[in-house]
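In case you want the letters, here they are:
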Amino acid sequence: MRLRIPNRLEDVFLALDRAEGTLDRAEIDPACRADVRLVLEELLVNTVRHGYPDGRDGSIEITLRIKADAVHLELRDDAMAFDPFQHEPPHLPGDIARRDIGGLGLHLARSIASDFHYARDAHGNRVVIRFDPFDEPAT
């Protein structure tokens, strides 16, 4: 599946439905499908909400490839630079409901994925993620 969407929340949810349909038709394990959807939603919503602070129109390209041993997800966007590895994982002591908001979704996405890479080039941000349906997530 390859899809390009504008940086609008309503298009994010259409993309999520399309990705979920692709995974379902490929008979990907339900737990892996849920992981892919959660990570994709987190990254797309964050890109739309925080990647375009100047309010300009932008686009996000989503590529979802299903191989025999893994699900590969690639996101490209023309948003401002954001390297998820420049941010330390959140400190999670005590009651999670009482902590400051922010950083949890990205931490969760990095924790769920089997492999997670970021790069920035002349075209913008590029995130490549691999999900191994039957392996434990990388920590």
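Please refer to the structure placed before this passage.
The paragraphs below set out a description of the structure included in this document. (Residues numbered from 1 in each chain as written. Predicted model: local features only at pLDDT ≥ 70, side-chain atom pairs only at ≥ 80, totals over all residues. Heavy atoms only, no water.)

A few words on the overall build of the protein. Helix and strand counts for the protein stand at three helices and five strands. Scanning the protein from its N terminus toward the C terminus, one meets helices and strands in the order β-α-α-β-β-α-β-β. Here the protein holds 139 residues, and the buried ones make up 39% of them. For the protein, contacts bridging at least 24 residues in sequence account for 62% of all contacts bridging at least 6. Carbon and sulfur atoms make up 51% of the accessible area of the protein, which amounts to about 8,400 Å² in all. (Helix = DSSP H or I, 4+ residues; strand = E, 2+ residues; numbered from the N terminus. Buried < 20%, exposed > 50% of the residue type's maximum accessible area, 1.4 Å probe, protein only. Contact = heavy atoms within 4.5 Å. Areas by Shrake-Rupley, 256 points an atom, 1.4 Å probe, with all protein chains shown as cover.)

Turning our attention to the side chain of D11. Looking at the secondary structure, you find D11 in helix α1 (residues 9–25). By relative accessible area, D11 is classed as buried at 11%. Filtering out sequence-adjacent residues up to four positions away, D11 remains in contact with I5 and P6.

The next thing to look at is unusual backbone geometry. With a phi angle near 55 degrees, E27 is a residue other than glycine that sits in the positive phi range. In this structure, E27 sits in the loop between α1 and α2 (30–50).

Okay, the packing of aromatic side chains next. Here the structure, examined in full by the defined rule, presents one aromatic pair. Geometrically, the ring pair formed by F85 and F116 is edge-to-face, given 5.6 Å between the ring centres and 85 degrees between the ring planes. One end of the pair, F85, is in the loop between β3 (71–77) and α3 (104–112); the other, F116, is in strand β4 (residues 115–121), and 31 residues separate them in sequence. (Phe/Tyr/Trp six-rings, centres within 6.5 Å; stacked < 30°, edge-to-face > 60°.)

Taken in spatial order, the five strands line up as β1-β2-β3-β5-β4 in an open sheet, and their pairing is antiparallel. At either end of the open sheet lies a strand with only one pairing partner, and these are β1 (2–6) and β4. Averaged over all adjacent pairs, the angle separating strand axes in this sheet is 15 degrees, with direction ignored. Two strands pair when backbone bridges link them, and β4 and strand β5 (residues 124–131) are joined in this way by seven bridges, in the antiparallel orientation. Bridge pairing in β5 places H117 opposite V128. Where α1 meets the sheet, its contacts fall on β1, β2 (59–66) and β3, and the angle it forms with β1 comes to roughly 165 degrees. (Pairing = 2+ DSSP bridges. Axes fitted to C-alpha atoms, helices over the stretch in contact; angles between N-to-C directions.)

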